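One-letter residues, chain by chain:
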Amino acid sequence: MDSNKKYWKGLEELNKTPEFVEKNKHEFAEPIPIEEILSGSGLSSKTPRRDFLKALGFGVGAVTLAACQKVPVHKSIPYLIKPEEVTPGIANYYSSTYEGSAILVKTREGRPIKVEGNPNDLLSKGGLSAQAQASVLDLYDNNRIKEPMQNGSETGWAGVDSFVTSQLAAIAAAGKKIRIITSTVHSPSTQAVIAEFITKYPTAKHTNYDAVSYTGIIQANQNSFGKAVLPHYNFDKADVILSFGADFLGTWISGEEFTRQYVQNRNNKSLEAKKMSRHIQFESGMSMTGTNADVRIPIKPSEEGVALVNLYNALSGTTLPGSKKLANANADKAIILVAKELQAAKGKALVVAGSNDVATQVLVNAINSLLGSYGTTIDLDNPSRQYAGNDAELVEFVNEAKRGEVGAVFFLDANPAYDYYNTNDIKEALKKISLKVSFSDHADETTALCNIVAPNHHYLESWGDDSAIEGYYTVMQPTINPVYNTRQAEQSLLIWSDNAVKDYYTFVRNNWNTNLLAKGGLSGQAGWETLLQTGLIKVADVAPGTYTFNLDLNAVAQTILNHSAKLAEGGKVELQIYQTVAMRDGKKSNNPWLQELPDPVSKVTWDNFAAMAPADIKKLSLDEFEVVTIDANGYSISLPVLSQPGQAPGTVSVAVGYGRTAAGLVGNNVGKNAFPFHSFRNGTFQTTAAATVTPTGDIFPLSQTQTHHSYEGRSVIRETSFKEYVKNPSSNSGKDGEHQKYSLWDEYERPAYNWVMAIDLNACTGCGACVVACSAENNIPVVGKDEVGRRREMHWIRIDRYYSFNDGAITKEKEIDKLENFDNVSVVHQPMLCQHCDHAPCETVCPVLATVHSSEGLNQMAYNRCVGTRYCANNCPYKVRRFNWFNYWNDSRFDNYLNNEHTQLVLNPDVTTRFRGVMEKCSMCIQRIQAGKLKAKIEKRPLKDGEVKVACQQTCSANAIVFGNANDPNSEVSKALKSERTYYVLEELNVQPGIGYQVKVRNTSSELQA
């Protein structure tokens, strides 16, 4: 890959727009108001430097004091009788589960403060998503429902129990239907509770539905093989991966698990063995998975079905009726070439599609059957249990209710008044139901329509279990007493069904003793305690079988092609609905850590938008962030447009999960609700539609972070092709022409530790989980949309996203990577944090010695010494230092985020909360380093490699970040930094950074085509 390749962060940087040039003309977005600070001191901004620093030392401190409210002194009282399990200053860890993944919960003095992945977890091996990392903050959300409610008024549990029990008895006597509406339940004990409830009330029925549905895949497997399951995919066993709009590294089914699998064939160990998988992505909008693909080809939603039919024809040698060429000639040619690659990788190939259309998924099954994928890359016998929703059953419930047949409905982890495609139907249906019970812990849109609210515990307050994959079981245990007067939904159902066991802990324990412990080779009290310590059991897998596809595809192909033609008719813009990594389906939209997490592709925070191709925006004469009205399926919303490189021309993409009206102070009225754009067709909810886009002339600025920091044109990304890497492992790493190094400073020995980091650009997918993990570990404040728009985000680690052009055109069959289209761009993600330079330029300019170098190679901050001159930020070439503009922990402007007594319980007591007017940045989790060293010292042994993991490293499902002691030649980080791919960003400046990056490798020239 050409080392002269040009990388750019956004179209504004590429085109050098006047606004971009103006904002990047100066070192900082806006200056500190020095004149205001110095006024009244007898000094001016022309004061001599020494007097200025004296004044500033007091002045900025005075600003800090003025910003703080006076806090009364509370004398601490020591434990008189210390709880046995609590030692002040020492963390306790509890095993639990989050959406089927085994986790460890860190508590301090009885309060959970951090969630980590369990290294033994089957899905992600210790990695966690951004949503899982942020889940601990939801526990302390001040907007949670604090008491059970009846008809909008708080009441006691006794009153609720009496009312619901009497209502159920009357409804059962009248023979009316009872419905339990939930998102997919994959907890064995919860399923057992629901089953016993239905036994008590035979007219009851349980309906699983998911706001983002996978019914199409499940029903297609039922039609194809007689197994209504969601397969377990094995991306680690695939040499060639072809995806049609499936964001499998992000939001599709099990992103963390698939990420771990995916990078196994692409990281250091795989490359050293001269092995790398091939990944080709066809999609409309630029997804996180698309940014990581070796080849990405933008197509319209209407072209996806045609492309799949053509792929089947090419693989099978047949021609299905109605087959036609794609309008996009490059994509049409690419399909033929991809078919050859898949055929050559037979038995080690995998084709996936993100569509929820049954016919489309049936055709995908047929293709995978031709490729011999079943039993290798696809497992139907140990399926995923994460999604089992049935779209048709939810629609049927609405119709039953509208007909007056339903007497009672219970909503558990379900909010159809927000995420159903026809919310008016839901509202009309619920009016005809006499007993409406919500178990939500927030007063969400559906809860507002219910007459009984029985608030559920947060999962960190709960007992329970989970099973995300057949044969894999995890346990949930409480890590804190209930914060509010809530009760587990399962316990409420036990009480209302007059179950002999009314305590849910006892029910869970009995269920494990009877049905599950023996599967893990455990039994009795000792077995139960072992389970609580390990958090999981795994039953031996059933040997995956091979499956042969025998259905007639003529009608299937015709259905697909008819729908494609309907989408394309009239020349309308084709709308695609998708999920973002942070917001997903919007259930967690009241979480400020997630709202402020920049989207991996767009880098937008605190909003959704209409992503369109640059050519389309130009054609419509739209300005960036101009508001447009999108009309589709009888629904319309107005959103700002975003010019998105890589977006297929003629399409618009809009994220769901926004537009909440009853989420809480943080999530209310952030963005617009795109769920009503869905339609119900052939038994499933569809995520595409023909739409019209109408400009309004209004401007609604979005808060993006990507171009907030400039390298002044310096090259920071290095990339090569797999073909070049095989020829020369140090290709484009800079090792072939190392420059001479000079030093003005004395060198110092580091006899004990030299802490360094390695980051593999080939493993990093850009998901941003590390950003949230760092915020949780290091008490990093949320600043809100307005402050992000002013370039004042506080994240200590950021994931920079760079575009580059794929130049050229297809001239022969082997060149499918070169597509003649401005929107054909490739993307590289680069985590950027303080580089802890040995010759740190920030240290030499600090007038008060607030930033210094440690004897272990770390660049450290003395916050109480810093006076906020920002000289260090000015002198940092990586732009990784943050100025703390406000006292975010005690300022009324940030009430929605962390400024309340409950939310502040999440703060890590081992990390100082910084005050206004100081610089802050990555500390390499020094508190973790010190804790690890202390533990080793107490145990009178050396610190072991891998014993200290920094927060960003620990949460990474891809294992892209490695941290450790460079003095240990056998440490994982030492081995990683010895890689031929290792380079150091801006090493030509001779600042000697402590973080080495491994060159990005793309398999753009497949050996299968050689």
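Residues numbered from 1 in each chain as written. Predicted model: local features only at pLDDT ≥ 70, side-chain atom pairs only at ≥ 80, totals over all residues. Heavy atoms only, no water.

Let's talk about the overall build of the protein
Looking only at helices and strands, one finds 30 helices and 41 strands in the protein. Every one of the 1010 residues in the protein was classed for burial, and the buried ones make up 62%. Residue pairs in contact within the protein that sit at least 24 positions apart in sequence constitute 74% of those at least 6 positions apart. Accessible surface computed for the protein: about 38,800 Å², of which carbon and sulfur atoms make up 51%. (Helix = DSSP H or I, 4+ residues; strand = E, 2+ residues; numbered from the N terminus. Buried < 20%, exposed > 50% of the residue type's maximum accessible area, 1.4 Å probe, protein only. Contact = heavy atoms within 4.5 Å. Areas by Shrake-Rupley, 256 points an atom, 1.4 Å probe, with all protein chains shown as cover.)

Considering the sheet that holds strand β31 (residues 755-760)
Pairing in this open sheet of 4 strands is mixed, and the strands run β38-β31-β40-β39 from one edge to the other. At either margin of the open sheet sits one strand with a lone partner, and together these are β38 (961-965) and β39 (982-983). In terms of strand pairing, β31 meets β38 through 5 bridges, oriented antiparallel. Residue pairing in the sheet places V756 in a bridge with G964 of β38. (Pairing = 2+ DSSP bridges.)

With respect to the side chain of S373
Of note, S373 is situated in the loop between α14 (358-370) and β13 (378-384). With a relative accessible area of 0%, S373 lands in the buried category.

Notes on the confidence of the model for the protein
In the predicted model, the protein carries a mean pLDDT of 88, and the fraction of residues at 70 or more is 89%. Segment residues 1006-1010: pLDDT under 50, and 11 contacts once partners within four positions in sequence are set aside and those in other chains are kept. (pLDDT = per-residue confidence, 0-100.)

Examining the packing of aromatic side chains
Taken as a whole and judged by the stated rule, the model has 35 aromatic pairs. Where F197 meets Y201, the ring centres are 5.0 Å apart and the plane angle is 50 degrees; that geometry is what we call tilted. Each member of the pair, F197 as well as Y201, carries the same accessibility label: buried. Cluster of aromatic residues (ring-pair linked, three or more members): Y233, F235, F248, W252, F258 and Y262. The ring centre of F883 lies 5.4 Å from the NZ or CZ of R870, which sits over that ring. (Phe/Tyr/Trp six-rings, centres within 6.5 Å; stacked < 30°, edge-to-face > 60°. Lys NZ or Arg CZ within 6 Å of the ring centre and 35° of its normal.)

Considerations on the pairing of strand β9 (residues 240-244)
In terms of residue burial, β9 counts as a mostly covered element, since 5 of its 5 residues are buried. Alternating residues of β9 divide into V240, L242 and F244 and I241 and S243, and every residue in both groups is buried. Examined bridge by bridge, β9 and strand β10 (residues 278-283) share 5 bridges and lie parallel to one another. The partner of I241 across the bridge, within β10, is H279. Sheet topology places β9 next to strand β12 (residues 349-353); 5 bridges connect them, and they run parallel. Bridge assignment links V240 to a residue of β12, and that residue is A349.

Observations regarding the sheet that holds strand β24 (residues 635-643)
In space, the 6 strands of this closed barrel follow the order β20-β25-β22-β24-β23-β28, with mixed pairing throughout. In this sheet, neighbouring strand axes are inclined to one another by 45 degrees on average, regardless of whether the strands run parallel or antiparallel. Two strands pair when backbone bridges link them, and strand β22 (residues 610-612) and strand β25 (residues 651-655) are joined in this way by 2 bridges, in the antiparallel orientation. Each residue of the ladder has a partner; that of A611, found in β25, is S653. (Axes fitted to C-alpha atoms, helices over the stretch in contact; angles between N-to-C directions.)

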